[in-house]
Amino acid sequence: MISPFREKLRKALLAFFGILFFLFLFGPFYWMVATSMMTEQEMLSVPPKLFPSEPTLQNYGIILGIGDAETLKEARNRAPAVFEIRPALINSMMIGVLVAIANLLIATPAAYAFARLRFNFSLSLLMIYIATRMVPPIMLVVPMFLIVRTVGLIDTPLALIITYTVFTVPFSIWLLQSYFRSMPAELEDAALIDGCSRWQSVRHVLLPLAVPGLTCVAILSFMGSWSEFLFAVVFTKTTASRTLPVVAASFVDTSSIQFDYVMTAGVITALPPFLLALIFQRFIVGGLSAGAVKG
Amino acid sequence: MAAVTIRKAHKTYGATPVLHGVSIDIEDGEFVVLVGPSGCGKSTLLRMIAGLEHITTGEIAIGDKVVNTVPPKERDIAMVFQNYALYPHMTVAQNMGFALRMSGRPKAEIDARVRRAASILALEPYLARYPKQLSGGQRQRVAMGRAIVRDPSVFLFDEPLSNLDAKLRVQMRTEIKELHQRLGTTTIYVTHDQIEAMTMADRIVVMHDGVIEQIGAPLELYDTPANTFVASFIGSPAMNMLKGTLKGGDIPFVDTGKAQIPVPGAAAAAVGRAVTVGIRPESLELAENGIAATVVVVEPTGAEILVVADIGGGTYVTAAFHQRYALRPGAPIHLAPAPGQVHLFDDETGIRL
């Protein structure tokens, strides 16, 4: 029997550490969002302010090239790189989406084969796939750079699309094959008996039910390429192919740091993955195949 | 409608043999139940008939056509799975109409046939629902509806009632049998439950370790089991099996060491052999000159009383009485088999003598 005092103490401690942990996780994020909505003066004021006194979206406007000529000119003087954010956003978005699509197109049939067909060395092959994830990317940067340069893809989005696809597909296959395995094979048997060919059983039964898994794969590969920095910084040079993380980092140079722009770029970089997770978490978690079998 | 012929079907997974040459002739319109303990190969055989498993060697024919290499969709069969295997992303109506949609029938025809099947199975109120919104029994019915909508030549059932509770199972058993009587479609039904097999089948195929132990009508199997496996598998509670030696005399008898069981009409040639005597619980009667036994447990079921008794040395036999004898544990009784109700098997081979 725990005494009421100890029970209270226990709850208080739990609450204390809970709040501490929350601040630890959420604090930097809040700081980033708050700073992105401050003016330069406010941001640099001493003592630092916790809340923007007059929240403004001006920084976002500047980044997207919206605002009066005066403000834009001033921004150009402070940090010319600010106007690279918009093309970088487009690059990042395009690369992320194409990597996600490539993942779905490549990983789905591969995962189906691993999950449903019996063939020699399938497990070893899967292990090799996943083992490629154990290689630190830094080891591969130089050889990959040489390859990309040789085929003439330096400073093109395609270089990043291919690289990211190569790095994300193994995990996507792994994830999808275990997802397919978790789905009752009887459903496809039933479809075969109901007159489907193998392809039709996949198209009409397996894939519609695997939407949560497919979504998960698409989002993870999108996020993986969205926030990737190392390869992006090595393979890209100009606005033709630079991605958001690279541009955001460019605000930090030796002479000055434009915190407000860095923070704004940071929010813009963080927003899509955040929104994706928020919108689709229910979809990912909610097993659509409930009710398929007994239960 | 079609007959199904299985000739010397073998199945091996890698080096592991699962079926060792199984042959069955199933007549058009017949209701055949494949029964056996788990791992006996009955489901594998059904899946081979369905085309979901390859046939290693041998032949399976539906109608006049050997279907060894024919894909499932061209076999004109419908199958009901143990876990129903309803498509969760389709409504009941879409589930039932899926096969027709795949074969490219016009929408009006699909609707009409789904409605007809739904009315047979009392599923009309649920046509717009999704499987997860249905109870176990309703899902089972949808799975059957999906099968009958197509009007196939053969129905295959793979343990369809295993996931239902006891009461519903009995009810669905009746429904399936009634459906078969109404539609007359050749039906192959797999179960591990011998009561299901007994109550539903025209003919039962008893399987064990990949071979057929016996094929016959339910009562034929019950009354004249071909071997000890069938004898102990069919019937509940199971047949009592006692080992002993067959002795000659005016009336031949089996000496088990503890009791002497008369076996009138036993073949004289078998005298002296080691045998197994099988006596069904309901064939045992209380008789003054019977085998001495001590009551261990009394289990009233309402319709009958099951008495487990020790005939000496820890050998238990079960007797089923329709009279409500007042018996208590520890009471001494005498049990004797009803005349002519004793089964005799060779002790070594287990084959009926």
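Residues numbered from 1 in each chain as written. Chains lettered and ligands numbered in written order. Predicted model: local features only at pLDDT ≥ 70, side-chain atom pairs only at ≥ 80, totals over all residues. Heavy atoms only, no water.

Brief notes about the packing of aromatic side chains
The geometry of an aromatic ring pair is captured by two quantities: the separation of the ring centres and the angle between the planes.
Then comes step 1: For the coordinates displayed, the defined rule picks out 17 aromatic pairs over all chains.
Then comes step 2: Ring centres 5.6 Å apart and planes at 50 degrees place the aromatic pair phenylalanine 114 of chain A and phenylalanine 119 of chain A in the tilted group.
Then comes step 3: For the ring pair phenylalanine 229 of chain B and phenylalanine 233 of chain B, a centre distance of 5.6 Å and an interplane angle of 15 degrees mean the geometry is stacked. Of this pair, phenylalanine 229 of chain B and phenylalanine 233 of chain B both sit in helix 8 (residues 228-233), four residues apart, which is roughly one turn of the helix. Phenylalanine 233 of chain B carries the same exposure label as phenylalanine 229 of chain B, and that label is buried.
Then comes step 4: A connected cluster of aromatic rings, assembled from ring pairs, spans Phe22, Phe26, Phe29 and Phe274 of chain A.
Then comes step 5: Sitting above the plane of the tyrosine 87 of chain B ring, arginine 146 of chain B keeps its charged end 4.7 Å from the centroid. (Phe/Tyr/Trp six-rings, centres within 6.5 Å; stacked < 30°, edge-to-face > 60°. Helix = DSSP H or I, 4+ residues; strand = E, 2+ residues; numbered from the N terminus. Buried < 20%, exposed > 50% of the residue type's maximum accessible area, 1.4 Å probe, protein only. Lys NZ or Arg CZ within 6 Å of the ring centre and 35° of its normal.)

Here's the deal with the domain arrangement of chain A
Residues and elements named next belong to chain A.
Then comes step 1: Here chain A is described as being made up of domain 1 (4-56) and domain 2 (82-289).
Then comes step 2: Counting residues at the interface gives eight residues for domain 1, matched by seven residues for domain 2.
Then comes step 3: Summed over both sides, the interface between domain 1 and domain 2 buries roughly 640 Å², with carbon and sulfur atoms accounting for 84% of that surface.
Then comes step 4: Considering only the side of domain 1, the residues that lose the most area to domain 2 are Met32, Ser36 and Met43, jointly responsible for 62% of the buried surface there.
Then comes step 5: On inspection of domain 1 and its partner domain 2, the count reaches zero salt bridges.
Then comes step 6: Counting the contacts that link domain 1 with domain 2 gives zero residue pairs in polar contact (both at pLDDT 80 or more).
Then comes step 7: Among the secondary structure elements, those contributing two or more residues to the side of domain 1 that touches domain 2 are helix 1 (4-36) and helix 2 (40-44).
Then comes step 8: By residue class, the composition of the side of domain 1 that touches domain 2 is five nonpolar, two polar and one charged. (Domains from an automatic or database assignment. Contact = heavy atoms within 4.5 Å. Buried area = accessible area lost by both parts, 1.4 Å probe. Salt bridge = Lys/Arg side-chain N within 4 Å of Asp/Glu carboxyl O. Polar contact = N/O pair within 3.5 Å; in protein donor to acceptor, adjacent residues only side chain to side chain. Nonpolar A, V, L, I, M, F, W, Y, C, P; charged D, E, K, R; others polar.)

Points about the environment of isoleucine 173 of chain A
Residues and elements named next belong to chain A.
Then comes step 1: Structurally, the position occupied by isoleucine 173 is in helix 8 (residues 157-182).
Then comes step 2: The spacing of isoleucine 173 and proline 48 is 125 residues in sequence and 48 Å in space, taken between C-alpha atoms.
Then comes step 3: Apart from residues no more than four positions distant in its own chain, isoleucine 173 is found in contact with Ala107, Ala110, Ala111, Phe114, Leu126 and Tyr129.

A look at the side chain of threonine 56 of chain A
All names here are of chain A.
Then comes step 1: When you line up the elements, threonine 56 lands in the loop between helix 2 and helix 3 (58-63).
Then comes step 2: Looking at threonine 56, its side chain comes within polar contact range of the main-chain nitrogen of glutamine 58, at 2.9 Å.
Then comes step 3: Leaving out residues up to four positions away in the same chain, threonine 56 has contacts with Ser36, Met37, Met38 and Thr39.

Focus: the sheet that holds strand 15 (residues 284-300) of chain B
Residues and elements named next belong to chain B.
Then comes step 1: Judged by pairing direction, the sheet is antiparallel, and its four strands sit side by side in the order 17-16-15-18 without closing on themselves. A single partner strand is all that each edge strand has here, and the edge strands are strand 17 (316-321) and strand 18 (332-337). Looking at each pair of strands side by side, their axes are set apart by 55 degrees on average, direction ignored.
Then comes step 2: With six bridges connecting them, strand 15 and strand 16 (residues 305-310) associate as antiparallel partners. Its bridge partner lying in strand 16, glutamate 299 is registered against leucine 306. (Pairing = 2+ DSSP bridges. Axes fitted to C-alpha atoms, helices over the stretch in contact; angles between N-to-C directions.)

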